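Each chain, letter by letter, is given below.
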Amino acid sequence: MSISRRKFLGWVGAAGLSTTIGKSAAAATNKQFAGYPKSFAILHDVTLCVGCRSCEAACNTVNELPQPEKPFTDLSVLETKRRTTTTAFTVVNKYENPKGDQRPVFYKKQCNHCLEPACASACFVRAFTKTLTGAVTYDSSVCVGCRYCMVACPFEIPTYEYDQALTPRIRKCTMCHPRVVEGLLPGCVKACPMEALSFGKREDMIKIARERFRKYPDRYVDHIYGEYEMGGTSWLYISGTPFKELEMREDLGITPAPQLTAGALSSVPIIVGLWPALLAGIYAVSKRKEKIAQSEKEQALASAKERPDESEIEEES
Amino acid sequence: MAQVTTAERKSIFSLFNLVALIVLGVGVYLTYLRFTGGLAAVTNLSDYNPWGLWISFDLLCGVALAAGGYVTSSAVYLFGMKKYHSAVRPAILTGFLGYALVFLAINYDVGRPWRLPYPLVVQQGTTSVLFEVGLCVATYLTILFIEFSPAAMEWLGLKRARNLVVKLTILLTIFGVVLSTMHQSSLGALFLIVPSKLHPLWYSPYIPVYFFVTSIIAGLSMVIFESTLSHRFFAHKMDETHHKEANGVTLGFGKAASYVLAGYFAIKVMGISADNHWHYLTTGYGIWYLVELLGFVALPSLLYAFGVRTKSLTLIKFTSVLAVLGVILNRFNVCLVAFNWHLPSSERYFPHWMEIGISVFIVMIGLVLYRFIVTRMPILYEHPDYKDAH
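Note that the coordinates shown come from a computational prediction; the quantities given were computed from them, not determined experimentally.

Caption draft 1: Representation of the overall build of chain A. For chain A, the count of helices and strands is nine helices and nine strands. Buried positions account for 48% of the 317 residues belonging to chain A. Roughly 16200 Å² of accessible area belongs to chain A as shown, and the carbon and sulfur atoms make up 56% of that amount.

Structure, rendered in structure tokens:
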């Protein structure tokens, strides 16, 4: 296989172009989305939670979910670790208190309502919306059921109705968006007897958290989980136990999920713009080369015909 | 030569027919279960593992292994490597069938397949990598259909339509490369959003490039592999040109694949260096990563090179299988093995036999269609009425 210099250069160019895919475009921006102004958030003070499951019961009621096998007053379910399911948008889990003989720690888990949600970014039919209230809502009327949102969610929250043959939906906490727009509190916040959950403007929730750190420095780990995780979330957590002990991931980073794929997507117009020009160029070069080879061949044949003696002599010698 | 093997061929085909019938029968039954009982009835998918075999094999492997179409057509039509011309039509056909089957498989996997056009016509989720994949795969499937259509039209005797489409060859080929570059890489880019779920050895900002480059490896190797199979079963359908060019295709594509594998090995090592993930290599996942990188990238690269140098067609054909398995292994690793590596083993996914059943069913549909087409249409030979027309 012979490669002309021009062809080689074309290939090198092509190889160079393909390396532009996947570079982060995040570096090329100084924009940072800190959430919709005046949007709401819920602050979960883990130190105040007693694991009574009132929030789970309230969630079940306001979302009109089927009753679980064991009633919400049965606290034995806390003995096993649970995750969100299609019929339980929030679950409370119990953890040993690493500080020794003190009472166990309870942590309520549900959708964190990211400021820039991975699910919404990953959805190819825009079934998810980050609303102005802070809630991330889902519209089952357009959902195709590809489940990329579940793959994308770093908190492993969305659930899917695998047992539905024709109408499977994604199910997750709505932050009680329908109630909030009516001026009502989210079901879980209203039900909490310990005030472990506070609802309000996100910036106020952060202020309250900091105020508690200042007042009771010995009681808390100096970190508001959700302030910056994955670019920030509308659920915020403060705790006396390191978050890692509550199986909350501390290695998620602060990059909002949409930025992780923005670079790859930004290469699309470049490929569409450059590839055709480059490939057409390579085609033109190879075609021209063929043409030249053809005419050279014809010339050689013609000259051979004109001087048959000479060529014979050359061949003999 | 063809006559000698006729009897043998017949017995193989009747055995094939029997197996095909069983697989298709089971497949129809599993299809019924899937669309009456939902995914829960036939899969082991869970809320932790939303993507299983149908995404990792049918979609990711399916698209990569169907890359022979754009690789071969661009080599011949754009780069002017005319000596591989007889490889174009079989490659386009397998590409077309491959993508058609990917589309079929997706209909099993998504919850409401009749809504698959929604991302295009109802609401466009342009921030999603999956949107790009969907758009490109849909467009490319159409392009492949048009690229394949001349063979069908020659068979049906639609001369004028056929000549019109042949005039579009260069345009279609360029479109094909543009679309393939985008969606082959985007299938890797799907995983850019999960740095917290995919093992760091497989998660890399370069993963779109890795997927694109491995698609070239898969495309080249599949052309060699398929040509081996075609010679075994459809030699009587090939014309003199096809027979004459076949060894050249195997040698040339083997050589190209060796280079691309070597380049891929280099960028994989660069990826590890860029992220400084060397320390993971001593862990269990690291050893598995080395198995993939050394056994299914470095080794086939060397074997291809050795096969080309010694002109050993047997070695090249063997290596093509190894390289194809390597690409399949890579897709499985990214989508299943290294995905959710942080979860306890009780929450990990292993496919249900019925998921495997559906995948086998879909591959079988492809084999049956391929046989139907190559025994009727001018794929492995040039139609006598259209000699040297392209």
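Caption draft 2: Fine view of the interface of chain A and chain B. Each partner contributes to the interface: chain A provides 61 residues, whereas chain B provides 66 residues. Surface buried jointly by chain A and chain B totals about 5600 Å² across both partners, of which 62% is contributed by carbon and sulfur atoms. For the pair chain A and chain B, the interface holds two salt bridges. Here Glu290(A) ties to Lys82(B) by a salt bridge, and the two come within 2.8 Å at their closest N and O atoms. Inspection of the chain A/chain B interface yields 32 residue pairs in polar contact (both at pLDDT 80 or more). Elements with a contribution of two residues or more to the side of chain A that touches chain B: helix 1 (5-18), helix 3 (118-122), helix 4 (148-152), strand 6 (159-160) and helix 8 (257-306) of chain A. Of the residues assigned to the side of chain A that touches chain B, the class counts are 39 nonpolar, 13 polar and nine charged.

Caption draft 3: Summary view of the nonpolar core. Of all hydrophobic cores here, the largest spans 186 residues; its most connected members are Tyr148(A), Phe148(B), Leu190(B), Phe191(B), Leu198(B) and Ile379(B). Among the elements that line this core, the one with the most residues is helix 7 (residues 129-156) of chain B, at 13 residues. Among residues more than four places away in sequence, those in contact with Leu198(B) are Phe191(B), Tyr203(B), Ile207(B), Val334(B), Ala338(B), Phe339(B) and Trp341(B). One finds Ala41(A), Met205(A), Ala209(A) and Tyr220(A) within the second-largest nonpolar core, a separate group that totals 10 residues.

Caption draft 4: The pattern of salt bridges, seen in detail. Under the criterion given, the structure shown has 13 salt bridges over all chains. Ionic pairing is found between Arg249(A) and Asp251(A), a salt bridge with its closest N-O pair at 3.0 Å.

Caption draft 5: Representation of the packing of aromatic side chains in the model. Residue and element names in this part refer to chain B. A complete count under the given rule lists 26 aromatic pairs over all chains for this structure. Between Trp202 and Tyr289, the ring centres sit 5.2 Å apart and the planes meet at 75 degrees, which makes this aromatic pair edge-to-face. Of this pair, Trp202 sits in the loop between helix 9 (169-189) and helix 10 (207-233) while Tyr289 sits in helix 12 (residues 284-309), placing them 87 residues apart in sequence. Judged on exposure class, the residue Trp202 and its partner Tyr289 are both buried.

Caption draft 6: The arrangement of the pairing of strand 3 (residues 105-109) of chain A in detail. Residue and element names in this part refer to chain A. Summarising burial for strand 3: five of the five residues are buried, a large majority. With burial as the criterion, each face of strand 3 is covered, one bearing Val105, Tyr107 and Lys109 and the other bearing Phe106 and Lys108. Across five bridges, strand 2 (residues 91-95) lies against strand 3 in antiparallel orientation. When the bridges of strand 3 are listed, Tyr95 appears paired with Val105.

Caption draft 7: Looking closely at the side chain of Thr173(B). All names here are of chain B. Position of Thr173 relative to the elements: it lies in helix 9. Within the structure, Thr173 has its side chain in polar contact with the backbone oxygen of Thr169 (distance 2.7 Å). When sequence neighbours within four positions are dropped, the list of residues in contact with Thr173 reads Ser73, Ser74, Tyr77, Leu78 and Glu147.

Caption draft 8: A look at the sheet that holds strand 8 (residues 197-201) of chain A. All names here are of chain A. Pairing within the open sheet is mixed, and its three strands lie in the order 8-1-9. The open sheet has two edge strands, strand 8 and strand 9 (235-238), and neither has a second partner. Recorded for the sheet is a direction-independent mean angle of 25 degrees between the axes of neighbouring strands. Pairing analysis gives five bridges linking strand 1 (residues 40-45) to strand 8, with the strands arranged antiparallel. Counterpart to Phe40 in the pairing with strand 8 is Lys201. Packing of helix 7 (residues 202-215) onto the sheet brings it into contact with strand 1, strand 8 and strand 9, and relative to strand 8 it is tilted by some 130 degrees.

Caption draft 9: Region of the structure containing the packing of helix 3 (residues 53-65) of chain B against helix 10 of chain B. Residue and element names in this part refer to chain B. Running from N to C, helix 3 and helix 10 point in directions that differ by 60 degrees, and their axes come no closer than 7 Å. When the axes of helix 3 and helix 10 are compared, the pair comes out oblique. Taken together, the residues of helix 10 that come into contact with helix 3 (itself represented by Leu60, Ala64 and Leu65) are Phe211, Ser215, Ala218, Gly219 and Met222. Across the contact of helix 3 with helix 10, the residue classes break down as six nonpolar, two polar and no charged.

Caption draft 10: Looking closely at the packing of helix 3 of chain B against helix 5 (residues 88-109) of chain B. All names here are of chain B. Running from N to C, helix 3 and helix 5 point in directions that differ by 160 degrees, and their axes come no closer than 9 Å. Taken together, the axes of helix 3 and helix 5 lie roughly antiparallel to each other. Viewed along their axes, helix 3 and helix 5 form a crossing whose handedness is left-handed. In contact with Trp54, Ile55, Asp58, Leu59, Gly62 and Val63 of helix 3, helix 5 contributes Tyr99, Val102, Ala105, Ile106, Tyr108 and Asp109.

Caption draft 11: Just the side chain of Lys109(A), in detail. Residues and elements named next belong to chain A. Of note, Lys109 is situated in strand 3. For Lys109, which is buried and forms no salt bridge, the nearest opposite charge comes from Glu156, at a distance of 5.7 Å. If sequence neighbours within four positions are ignored, Lys109 has contacts with Thr84, Phe89, Thr90, Val91 and Ile157.

Caption draft 12: Broad picture of helix 12 of chain B. All names here are of chain B. Look at helix 12: 36 Å from first C-alpha to last across 26 residues, which is about the 38 Å you get at 1.5 Å a residue. Within helix 12, the axis deviates most sharply at Leu299, by approximately 30 degrees, and proline Pro300 lies no more than four positions further along. Every buried residue of helix 12 is listed here: Gly286, Tyr289, Glu292, Leu293, Val297, Ala298, Pro300, Ser301, Tyr304, Gly307 and Val308. Turning to helix 12, the residues buried within the fold contact helix 10, helix 11 (240-275) and helix 13 (313-337). Where helix 12 terminates, the next one or two residues include Lys311, which has phi positive at roughly 55 degrees.

Caption draft 13: Unusual backbone geometry, seen in detail. Residue and element names in this part refer to chain A. In the Ramachandran plot, Cys176 falls in the positive-phi region, its phi being about 50 degrees despite a non-glycine side chain. Summarising the element assignment, Cys176 is placed in the loop between strand 7 (170-171) and helix 5 (177-181). By relative accessible area, Cys176 is classed as buried at 10%. The backbone phi angle of Glu195 is positive, close to 55 degrees, even though this residue is not glycine. By the secondary structure assignment, Glu195 is in the loop between helix 6 (187-191) and strand 8.

What counts as what
- Residues numbered from 1 in each chain as written.
- Chains lettered and ligands numbered in written order.
- Predicted model: local features only at pLDDT ≥ 70, side-chain atom pairs only at ≥ 80, totals over all residues.
- Heavy atoms only, no water.
- Helix = DSSP H or I, 4+ residues; strand = E, 2+ residues; numbered from the N terminus.
- Buried < 20%, exposed > 50% of the residue type's maximum accessible area, 1.4 Å probe, protein only.
- Areas by Shrake-Rupley, 256 points an atom, 1.4 Å probe, with all protein chains shown as cover.
- Contact = heavy atoms within 4.5 Å.
- Buried area = accessible area lost by both parts, 1.4 Å probe.
- Salt bridge = Lys/Arg side-chain N within 4 Å of Asp/Glu carboxyl O.
- Polar contact = N/O pair within 3.5 Å; in protein donor to acceptor, adjacent residues only side chain to side chain.
- Nonpolar A, V, L, I, M, F, W, Y, C, P; charged D, E, K, R; others polar.
- Core = buried A, V, L, I, M, F, W, Y, C linked by side-chain atoms within 4.5 Å.
- Phe/Tyr/Trp six-rings, centres within 6.5 Å; stacked < 30°, edge-to-face > 60°.
- Pairing = 2+ DSSP bridges.
- Axes fitted to C-alpha atoms, helices over the stretch in contact; angles between N-to-C directions.
- Parallel < 35°, antiparallel > 145°, perpendicular 65-115°, else oblique.
- Left-handed = near helix turned anticlockwise from the far one by under 90°.
- Lys, Arg positive; Asp, Glu negative; His and termini not counted.
- Expected span 1.5 Å × (residues − 1).
- Bend = angle between axes of the 7 residues up to and from the residue.

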